Amino acid sequence: MQVADMKDLVHRAPFRPFAVRLSSGAEYQFLDRDDLGASKDGRMIFYFGESQTVRIDTDSITEVVEQ
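Counting starts from 1 at the beginning of each chain's written sequence and moves along it residue by residue. Note on the predicted model: pLDDT of at least 70 is required for a residue's local features to be given, and 80 or more for side-chain atom pairs to be given and counted; whole-chain, interface and lining totals, by contrast, use all residues. Each side-chain value is derived from all of the structure's non-hydrogen atoms; neither hydrogens nor water enter the calculation.

**Examining the sheet that holds strand E1 (residues 18-22)**
Where strands meet in a sheet, backbone hydrogen bonds hold them as pairs that are either parallel or antiparallel. Put simply, the rule is: A pair of strands counts as paired when DSSP detects no fewer than two bridges linking them. Runs of E in the DSSP output that reach at least two residues are strands. Runs of H or I that reach at least four are helices, and both are numbered from the N terminus. In this description, a line fitted to the C-alpha atoms serves as the axis of each element, helices being fitted only across the stretch in contact, and the angle between N-to-C directions of two axes falls anywhere from 0 to 180 degrees.
Overall, antiparallel pairing links the three strands, which are arranged E2-E1-E6 in an open sheet. For this open sheet the edge positions go to strand E2 (27-30) and strand E6 (61-66), each flanked by a neighbour on one side alone. Averaged over neighbouring strand pairs, the angle between their axes works out to 20° when direction is ignored. As paired strands, E1 and E2 are joined by four bridges and run antiparallel to one another. From the neighbouring strand, Ala 19 faces E2, where its bridge partner is Gln 29.

**Examining the packing of aromatic side chains**
Threshold: Within 6.5 Å between ring centres, the rings of Phe, Tyr and Trp (the latter by its six-membered ring) count as paired, and their orientation is classed by plane angle as stacked under 30 degrees, edge-to-face over 60, tilted in between. Exposure is judged per residue with a 1.4 Å probe applied to protein chains only, and the accessible area is read against the type maximum: over 50% gives exposed, under 20% gives buried, and values in between give partly exposed.
Applying the stated criterion across every chain, the model contains four aromatic pairs. Pairing Phe 15 with Phe 18 gives two aromatic rings, centres 6.1 Å apart and planes at 50°, and the pair type is tilted. By relative accessible area, Phe 15 is classed as buried at 17%. A residue is classified by how much of its surface remains accessible, and Phe 18, at 0% relative accessible area, is buried. Taken together, a centroid distance of 4.9 Å and an interplanar angle of 25° make the contact between Phe 18 and Phe 30 stacked. On the criterion of sequence distance, the pair formed by Phe 18 in strand E1 and Phe 30 in strand E2 is long-range, its members being twelve residues apart. Classification of Phe 30 as buried rests on a relative accessible area of 0%. Within the aromatic cluster, the residues linked to one another by ring pairs are Phe 15, Phe 18, Tyr 28, Phe 30 and Tyr 47.

Shown next as structure tokens:
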């Protein structure tokens, strides 16, 4: 995924839920803004789940599914 595309997705207003699928097969759903963190340059995003935090390199994202 292009960094500029990820930055647009992360910072859009109002926030709209989305999921990312990774090259490893993992999928993470971002249902509200509190589930999400991002580096300033957009190269890294963070998923904040109920009991886990996952750092995601945007290079590993193979698909974004808007909900």
